[in-house]
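Listed below are the residues making up each chain.
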Amino acid sequence: MFVPELIQRKRDNGHLSHEEIAYLLAGYTDGSIPDYQMSALLMAFFFRDMDDAELTSWAGEMLRSGEVLDFSDIPAPKADKHSTGGVGDKISLILAPLVASTGVAVPMISGRGLGHTGGTLDKLESIPGFSTQQTLPRFRELVATLGCGLIGQTGSICPADKKLYALRDVTSTVECIPLIASSIMSKKLAEGINALVLDVKVGDGAFMKTPERARLLATTMIAIGKAAGVRVTALLTQMDEPLGAAIGNSLEVIESVEVLRGGGPADIRELTLLLSAEMLLSVGRTGSIEEARELLVKNLDSGAAYEKWCQLVTAHGGDVAAIHDLSRMPQAAHVTQITAARSGTVVGLACERIGRAAVVLGAGRAKAEDSVDPAVGFYWRAPIGAELREGDVIAELHWNDEARRDACIPMLRTAISYGEKAVKPPLLIDRLDEAALTPAPIPASRFQQVRRG
Ligand code: URA
């Protein structure tokens, strides 16, 4: 095949066949197709989009570029959840042990913080001793024995995505819905799961700023899942304000543990229950959402989910004493209360700026090679609808570095829009499943060679 001809055809709005896409992705992964040709192709996709056949071929070949886990010998049904990224989103830390406590296995491969959003791996690694770098045989053992494993991406899973993601990052081709959808789905389908629940965030603190874009991303991912024979459900949820109050790795673990002990912020508990119930229903663990919710509430309130969490922490090398006694989690050297400069009702928040403020403080990365400070972050105390008087606390800052603190404070202060009457955004905006797909046929043959557990 002549690569410039394939790029030209896509550039001119033509169609690439399955064989051509397989050739391009295999060549890029093994290094025989250089970055400059793949960059041109990605930009052609950015402007010309992918049709359904190209989409499923692209996602299927990304998946096949590496190892696909097969947990079919583990009798429990397998399900996972993926969030497109938010501010204060610590749901995975609660959901994974909670769902596992009901007998549904959760083989969870997570990522690090991206841009202004936090990442599950960084949060887990703030627990002293916790290792997310487990071998795949050890991951399998954790899923088989505890019903859950929490690891990071390995070199053998979707190597095409690893190379492509880095290239997209520097060629302004990240924000392309078919490329985002196939990047996320190829990694999730490699987990050998039967069902996947997507938390597609919408709002200022999300990558998808409008429900329309979020719906398009969700249906694109559902279509990829359908072609692979994996049941995918998507909840569109609001990200116009942080989830819970804690933002920052150690603080978010502490808040998650409070929810696992039956307390914690109401929005975190509710979103965890909504997503977990979909997982139980998707794999047939319960016959209805109501039944799923009842079982999940019971396991949260009885301590069964907390007990599973403690077992998981220990199995990953973490110090469970820091979970039982949260004062042993990493602590910042200083705590400062940030106060409102004026009175008024909080009618809106620059949620992305709040997420960026946490990165500036050291809780996230400005560059991929930066390290994160596990202890720093803040509790956000001014949710939408709060009626503030001048001098009221808007955030409790946990900090270690004066220059970072000074850069963070104005970002938090200016994140608030004051007004007369606040409209609280609903947590759940929409729910989508295969029924939301237009009747376009998805060629299932693209995934036929993929093993699933
Ligand atoms: N997360 C991913 O894994 N891939 C993308 O392309 C965007 C977000």
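If you're wondering where the values come from, they're calculated on a predicted model, not measured in any experiment.

**Overview of the packing of helix α1 (residues 3-11) against helix α2 (residues 18-30)**
Point 1. Viewed as axis vectors pointing N to C, α1 and α2 meet at an angle of 120°, and their least axial separation amounts to 12 Å. Relative to α2, the element α1 lies oblique. Crossing of α1 over α2 shows left-handed handedness. Residue-level contacts link V3, L6 and R9 of α1 to E20, Y23 and L24 of α2.

**Let's talk about the packing of aromatic side chains**
To describe a pair of aromatic rings, you give the distance between the ring centres and the angle between the ring planes.
Point 1. Tallying each qualifying case throughout the model produces three aromatic pairs.
Point 2. On the basis of an interplanar angle of 75° and a centroid distance of 5.3 Å, the ring pair of F46 and F47 is categorised as edge-to-face.
Point 3. Its relative accessible area of 62% is what places F47 among the exposed residues.
Point 4. Here the guanidinium or amino end of R405 rests over the ring plane of W399, the centre of that ring lying 4.4 Å away.

**Details of the pairing of strand β5 (residues 231-238)**
For a regular strand, side-chain orientation follows a simple rule: the groups alternate between the two sheet faces.
Point 1. Burial within β5 is extensive, with seven of its eight residues counted as buried.
Point 2. Looking at chain direction, strand β4 (residues 195-202) and β5 are connected through eight bridges and run parallel. Its bridge partner lying in β5, V200 is registered against L236.
Point 3. Handedness of the β4-helix α10 (residues 211-227)-β5 crossover: right-handed.
Point 4. Bridge count for β5 against strand β13 (residues 428-432) is four bridges, and the pairing is antiparallel. Across the sheet, residue L236 finds its bridge partner in β13, namely D430.

**A short note on the domain arrangement of the protein**
Point 1. Looking at the assigned domains, one finds that the protein contains domain 1 (3-48), domain 2 (79-325 + 429-440) and domain 3 (331-419).
Point 2. For domain 2 and domain 3, the distance between their C-alpha centres works out to 25 Å.
Point 3. Of the roughly 1,800 Å² buried between domain 2 and domain 3, counting both surfaces, carbon and sulfur atoms make up 58%.
Point 4. The tally of links from domain 2 across to domain 3 stands at two salt bridges.
Point 5. The salt bridge partner of D122 is R365, with a shortest N-O separation of 2.9 Å.
Point 6. Here the side of domain 2 that touches domain 3 takes four residues from helix α11 (residues 249-260), the largest share from any one element.

**What to know about the layout of surface pockets**
Empty pockets left among the atoms are what a rolling probe the size of a water molecule brings to light.
Point 1. Size it by volume and the second largest pocket reaches roughly 440 Å³.
Point 2. Around the second largest pocket, the lining comprises 21 residues; the ones closest to its centre are D49, D52, I177, L216 and T220.
Point 3. Broken down by secondary-structure element, the contributors of at least two residues to the lining of the second largest pocket are α3 (35-48), α4 (52-64), α9 (177-189) and α10.
Point 4. When its residues are assigned to classes, the lining of the second largest pocket shows 13 nonpolar, three polar and five charged.

**Some remarks on unusual backbone geometry**
Point 1. A positive phi angle is found at D49, which is not glycine, with a value near 70°.
Point 2. Looking at where D49 falls in the secondary structure, it is placed in the loop between α3 and α4.
Point 3. Owing to a relative accessible area of 42%, D49 belongs among the partly exposed residues under this scheme.
Point 4. Even without glycine at this site, S172 takes up a positive phi of about 55°.
Point 5. As for its placement among the helices and strands, S172 is situated in the loop between α8 (159-170) and α9.

**Here we look at the site of the ligand**
Point 1. In the neighbourhood of the ligand, the contacting residues comprise L114, Y165, R168, I180, S183, I184 and K187.
Point 2. The contact in question runs from a nitrogen atom of the ligand to an N or O atom on the side chain of S183, over 2.6 Å.
Point 3. Within the side chain of K187, a nitrogen or oxygen atom sits 2.5 Å from an oxygen atom of the ligand.
Point 4. Taking 240 Å² as the accessible area of the ligand by itself, protein coverage stands at 84%.
Point 5. For the shell around the ligand, the element with the highest residue contribution is α9, accounting for four residues.
Point 6. Here the residues of the shell around the ligand are counted per class, giving four nonpolar, one polar and two charged.

**Details of the state of the cysteines**
Point 1. Following the criterion strictly, the structure yields zero disulfides and no others.
Point 2. The thiol of C158 is not disulfide-bonded; the next cysteine sulfur, from C176, is found 17 Å away.
Point 3. The thiol of C351 is not disulfide-bonded; the next cysteine sulfur, from C408, is found 14 Å away.
Point 4. Assessed through its relative accessible area of 0%, C351 is described here as buried.

**Details of the nonpolar core**
Point 1. Residues W309, I323, I354, F378, W380, L397 and L412 are the most contacted members of the largest nonpolar core, which totals 89 residues.
Point 2. Two domains each provide a minimum of three residues to this core, namely domain 2 (79-325 + 429-440) and domain 3 (331-419).
Point 3. Sequence-distant contacts of W380, defined by excluding residues within four places in its chain, comprise P242, A245, I247, L349, I354, I394, A395, L412 and I416.
Point 4. Core analysis: the next-biggest nonpolar cluster, separate from the first, contains 63 residues, L55, L69, I151 and L236 among them.

**Comments concerning empty space enclosed by the protein**
Point 1. One pass over the structure, following the stated rule, counts two cavities of 30 Å³ or more.
Point 2. Approximately 180 Å³ is the volume found for the largest cavity.
Point 3. Along the wall of the largest cavity there are 21 residues; nearest its centre are H116, T117, G118, A363 and G364.
Point 4. At the level of secondary structure, the elements contributing two or more residues to the lining of the largest cavity comprise α11 and α16 (351-361).
Point 5. In terms of residue count, the dominant contributor to the lining of the largest cavity is α16 (three residues).
Point 6. Residues belonging to the lining of the largest cavity are distributed by class as follows: six nonpolar, twelve polar and three charged.

**With respect to the pattern of salt bridges**
Point 1. All told, the structure shown has 27 salt bridges when counted by the stated rule.
Point 2. Close ionic contact of D199 with K201 constitutes a salt bridge, the shortest N to O distance being 2.7 Å. Like D199, the residue K201 is buried in the burial classification.
Point 3. When the shortest N-O distance is used, the salt bridge between R405 and D406 registers 2.9 Å.
Point 4. Relative accessible area serves as the criterion here: at 43%, D406 is assigned to the partly exposed category.
Point 5. One connected set of salt bridges, linked through shared partners, spans R112, D122, E125 and R365.

Thresholds applied
Residues numbered from 1 in each chain as written. Predicted model: local features only at pLDDT ≥ 70, side-chain atom pairs only at ≥ 80, totals over all residues. Heavy atoms only, no water. Axes fitted to C-alpha atoms, helices over the stretch in contact; angles between N-to-C directions. Helix = DSSP H or I, 4+ residues; strand = E, 2+ residues; numbered from the N terminus. Parallel < 35°, antiparallel > 145°, perpendicular 65-115°, else oblique. Left-handed = near helix turned anticlockwise from the far one by under 90°. Contact = heavy atoms within 4.5 Å. Phe/Tyr/Trp six-rings, centres within 6.5 Å; stacked < 30°, edge-to-face > 60°. Buried < 20%, exposed > 50% of the residue type's maximum accessible area, 1.4 Å probe, protein only. Lys NZ or Arg CZ within 6 Å of the ring centre and 35° of its normal. Pairing = 2+ DSSP bridges. Right-handed = clockwise from strand over helix to strand, strands pointing away. Domains from an automatic or database assignment. Buried area = accessible area lost by both parts, 1.4 Å probe. Salt bridge = Lys/Arg side-chain N within 4 Å of Asp/Glu carboxyl O. 1 Å grid on protein atoms, 1.4 Å probe; cavity = no way out; pocket = protein on both sides within 12 Å on 5 of 7 lines; lining within 4 Å. Points joined across faces, edges and corners; volume = space filled by probe spheres on them. Nonpolar A, V, L, I, M, F, W, Y, C, P; charged D, E, K, R; others polar. Near = heavy atom within 4 Å. Polar contact = N/O pair within 3.5 Å; in protein donor to acceptor, adjacent residues only side chain to side chain. Areas by Shrake-Rupley, 256 points an atom, 1.4 Å probe, with all protein chains shown as cover. Disulfide = S-S within 2.5 Å. Core = buried A, V, L, I, M, F, W, Y, C linked by side-chain atoms within 4.5 Å.

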